[in-house]
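A look at the structure
In case you want the letters, here they are:
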Amino acid sequence: PGEPLGQLRERKCKGREFLTTDRRDAQARPRGTPGYDGRTLLVPQQYMSELTPTMQQFWRVKSSHADCVVFFKLGKFYELFDEDSDVGARVCGLKQREGKKSGFPERSFAQYGVRLVAEGYRVAVVEQVRTANASAKAAMERRVVAILSPGTLLEPELQQLAEPGAPS
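Now for a look at the structure at hand. Being a predicted model, the structure only gives us computed values, none of them experimental. (Residues numbered from 1 in each chain as written. Predicted model: local features only at pLDDT ≥ 70, side-chain atom pairs only at ≥ 80, totals over all residues. Heavy atoms only, no water.)

Our next topic: the nonpolar core. Counting 19 residues, the largest nonpolar core has V69, F71, F104, F109, L116 and V123 as the members making the most contacts within it. Breaking this core down by element, the ones donating at least two residues are β1 (68–74), β2 (77–81), α3 (82–92), α4 (109–118) and β4 (122–130). In terms of residues, this core owes the most to one element, α4, which gives five residues. The residues contacting L116, other than those within four sequence positions of it, are V69, F71, V87, V91, C92, Y121 and V123. Counting residues in hydrophobic clusters, the runner-up holds 18 residues, among them M55, W59, V70 and F81. (Core = buried A, V, L, I, M, F, W, Y, C linked by side-chain atoms within 4.5 Å. Buried < 20%, exposed > 50% of the residue type's maximum accessible area, 1.4 Å probe, protein only. Helix = DSSP H or I, 4+ residues; strand = E, 2+ residues; numbered from the N terminus. Contact = heavy atoms within 4.5 Å.)

Taking burial as the measure, the ten residues of α4 include seven buried ones, the bulk of the element. The complete set of buried residues in α4 reads F109, A110, Y112, G113, V114, L116 and V117. Once α4 ends, the next one or two residues include G120, with phi positive near 100 degrees.

Here H65 lies in the loop between α2 (53–64) and β1. Setting aside residues up to four positions removed in sequence, H65 forms contacts with R39, A124, V144 and I147.

Here it is, written out as structure tokens:
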């Protein structure tokens, strides 16, 4: 199976120790302590306050789906950020751009979703559900619409790609 996201090689990123050496669940329990829930992640408010509204959305999703690779919809592309981008580069061959991000066109969704699930990862799919008000500086509304896992690969397109010998 895939390498757990919380155990990826630690990176030295100022102000982002919450992803590595000081990783805590949403209830502020440190990794390795009783009751720790690796499905969640505490993202410090100080860090959140320095982000754009769109990146705040991403980290809110990631905080409640820390055990998933997040496919975050931006326009006609899915973007992967930070440790999810590391996984996308390693498992799917996605090219990382500056700032630990990578992405792919929406038409490649099934290809990359199936590949990650086949390697033991869960994928949280975040879609744009409402257009932002053009006059406001608010981010477009987005939410998790699906979690891909071996048990959810029921869509015909995903089933086809999951079959042996299917194109990748």
